[in-house]
There are 2 protein chains.
Amino acid sequence: MDMTSIIAGLPLFQGLAPHQNATLAGIAQRRYYSKGQIFFSEGDNADGFYIILSGRVKIFKLSPDGKEQIFHILEAPEPFGEAAVFSGENFPASATALVETPVLFFPAGKFTGLIRQDPILALSMLGLLSLRLRKLTTLVENLSLKEVPARLAAYLLYQSRDNEHKPVIELDVSKNQMAGLLGTIPETLSRILKRMAEENLIKTDARTITILNRKHLTDLAEGLRKLS
Amino acid sequence: MDMTSIIAGLPLFQGLAPHQNATLAGIAQRRYYSKGQIFFSEGDNADGFYIILSGRVKIFKLSPDGKEQIFHILEAPEPFGEAAVFSGENFPASATALVETPVLFFPAGKFTGLIRQDPILALSMLGLLSLRLRKLTTLVENLSLKEVPARLAAYLLYQSRDNEHKPVIELDVSKNQMAGLLGTIPETLSRILKRMAEENLIKTDARTITILNRKHLTDLAEGLRKLS
DNA sequence: GTTGCGCCTTGACTTAAGTCAAACTTCAGT
DNA sequence: ACTGAAGTTTGACTTAAGTCAAGGCGCAAC
């Protein structure tokens, strides 16, 4: 598929005139990252941003003593690294490919040039950043105001919501990574999953988790109830 | 001062043509909020955003059992509530006036209309949102990867940095609020301030904190060292 | 198959930070 | 100046979650 068609199909670029798609295609670069490869590290100069064509990307920070907080795990067709481009500084977190991941790369300077000429594109980006802000706000809320069981309950419900509220969740991340997403460590996650299973809120089987008691789990997520 | 001049002086609106300032003035509303008054509560429909003319505003969330996480404490001439406008939903947090606070209010619909016509304005907003995102990223990092002493150390250094690296910090928030900003509670904050004073890192006196050992405090903030 | 290496789980222990309660200080309002 | 409310400090206690260490499971490579 040629670059213009790919770009025309990306949600971020909906509503643009065809010639704008062509212009975007002119500045975009196709790049391939293999599993474990690093897109950028915290502190790197932000020279552009990426859009995932397929694969999975992890955005994260490490503490000096090695604990990892994962901010997002992203899939096609999501963009990442876009915020740093507009504050014109460096990346505040790191990004690596979890699997083979082809992306489009948009150089910062050229891209902001385009935005200057196209308010629709600007509004798209504004919408995107707002959404990111909202997600981060929720993350802060979870980390600061909720205990691990509540965070886990919220996470499970969220995964199930993504899957049309079906009670069966196929984990798409390792439990190690899940711990990183929830701001905790694998041991703690393991223990809490066990407790939830003991109280018949969920049933776990390898990579599959089944929600048995959605109401109770919801109360847990909202802090209205605790694991006993 | 008339509305157009006020608007022309706001950092967020720098670089606009004079007629754009006038248009902005046409949609802006002056509003006065007294101490404790609520701008909006979490979940409220986002009908517009605000710019502080003077005073102080607290952006925060409450947990079901009453703990408060403060996201920002803002002063003139900072805007707030802007992100919710572009994701077109509701406010993800609440905002109240800490003191008498006059603001400008910009209705969402009219404002996005202006952005559609002025890419400079759009770029300003993009820069603003990016900066917010960056600050939130730091907050997440602090909450998830650092202990309270490290967060406090970082906060003190940040305050001193704002004040040209002078070692004397005049607290502009109550210690209760400071605890809320750091994601902890007043008791814990009090104890850690005491420990820092015992180790001669700082000296406290009512609303004044003096940094005695910047190097050690920096190491603490970066997790290279701990309070003994 | 068996070897080895992540991933995951479990137990015993430690620790940071929260809870509860009491007392003291500061400050605003009458 | 007095009163009361809010802010702050301190102590004793509890608890959630992290650390450390060991062992089991599952999968891939040889």
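Residues numbered from 1 in each chain as written. Chains lettered and ligands numbered in written order. Predicted model: local features only at pLDDT ≥ 70, side-chain atom pairs only at ≥ 80, totals over all residues. Heavy atoms only, no water.

**Q** For this particular structure, what's the right way to read the protein's contact with DNA strand D?
**A** With respect to spatial proximity, 16 residues lie near DNA strand D, and among them Val148, Thr184 and Thr188 of chain A together with Lys175 and Asn176 of chain B are the closest. The contact atoms of DNA strand D, taken as those within 4 Å of the protein, divide so that sugar and phosphate hold 69%. A distance of 2.8 Å is found between a phosphate oxygen of DNA strand D and a side-chain nitrogen or oxygen belonging to Thr188 of chain A. Between Ser190 of chain B and DNA strand D, the recorded distance is 3.2 Å, taken from a side-chain N or O atom to a phosphate oxygen. At the level of elements, α6 (148–162) and α8 (186–198) of chain A together with α7 (175–182) and α8 (186–198) of chain B are the ones that each hand at least two residues to the surface near DNA strand D. Ranked by the residues each element gives to the surface near DNA strand D, the list is headed by α8 of chain B, at four residues. (Near = heavy atom within 4 Å. Polar contact = N/O pair within 3.5 Å; in protein donor to acceptor, adjacent residues only side chain to side chain. Helix = DSSP H or I, 4+ residues; strand = E, 2+ residues; numbered from the N terminus.)

**Q** Please clarify how the nonpolar core should be interpreted in this entry.
**A** Note on soluble globular proteins: their nonpolar side chains tend to be buried together. The biggest cluster of nonpolar side chains holds 104 residues, and the ones touching the most others in it are Phe13, Phe106 and Phe111 of chain A together with Phe13, Phe106 and Phe111 of chain B. Apart from the residues lying within four places of it in its own chain, the contact partners of Phe106 of chain B are Ile7, Phe13, Leu24, Ile27, Ala28, Asp47, Gly48, Phe49, Ile51 and Phe111 of chain B. (Core = buried A, V, L, I, M, F, W, Y, C linked by side-chain atoms within 4.5 Å. Buried < 20%, exposed > 50% of the residue type's maximum accessible area, 1.4 Å probe, protein only. Contact = heavy atoms within 4.5 Å.)

**Q** So what exactly am I meant to see when it comes to the relation of the copies chain B and chain A here?
**A** One copy of the chain maps onto the second through a rotation around an axis plus a translation along that axis. Turning chain B through 180° and shifting it by 0.0 Å along the axis lays it on chain A, with an RMSD of 0.1 Å. Taken together, the rotation and translation relating the two chain copies correspond to the operation of a two-fold axis. Looking at the interface residues of chain B, 100% of them are also at the interface in chain A, so both copies use one shared face. (Least-squares fit on C-alpha atoms with pLDDT ≥ 70 in both.)

**Q** Looking at this model, I keep getting lost on the packing of aromatic side chains. Mind explaining?
**A** Here the distance between the centres and the angle between the planes together describe a pair of aromatic rings. Residue and element names in this part refer to chain A. For the structure on display, the rule yields 27 aromatic pairs over all chains. Members of the aromatic cluster, joined through ring pairs, are Tyr33, Phe39, Phe40, Tyr50, Phe80, Phe91 and Phe105. Sitting above the plane of the Phe105 ring, Arg31 keeps its charged end 3.8 Å from the centroid. The aromatic ring of Phe60 is capped on one face by Lys58, whose charged end is 4.8 Å from the ring centroid. (Phe/Tyr/Trp six-rings, centres within 6.5 Å; stacked < 30°, edge-to-face > 60°. Lys NZ or Arg CZ within 6 Å of the ring centre and 35° of its normal.)

**Q** What exactly am I supposed to notice about the interface of chain B and chain A here?
**A** When the parts of a complex come together, some accessible area is lost, and that lost area is often used as the size of the interface. With 41 residues of chain B in contact, the opposing surface of chain A contributes 41 residues. With both sides pooled, the region where chain B packs onto chain A buries about 3800 Å², and carbon together with sulfur makes up 73% of that total. The largest contributions to the chain B side of the interface with chain A come from Leu126, Arg134 and Leu145 of chain B, which together make up 18% of the buried area. Scanning the region where chain B abuts chain A turns up two salt bridges. Across the salt bridge formed by Lys61 of chain A and Glu141 of chain B, the nearest N and O atoms sit 2.6 Å from each other. The interface formed by chain B and chain A contains 12 residue pairs in polar contact (both at pLDDT 80 or more). Contributions of two or more residues to the side of chain B that touches chain A are made by β4 (56–62), β5 (68–75), α3 (82–87), α4 (108–117) and α5 (119–145) of chain B. It is α5 of chain B that contributes the most residues to the side of chain B that touches chain A, 20 residues altogether. Its residues assigned to classes, the side of chain B that touches chain A shows 21 nonpolar, 10 polar and 10 charged. (Buried area = accessible area lost by both parts, 1.4 Å probe. Salt bridge = Lys/Arg side-chain N within 4 Å of Asp/Glu carboxyl O. Nonpolar A, V, L, I, M, F, W, Y, C, P; charged D, E, K, R; others polar.)

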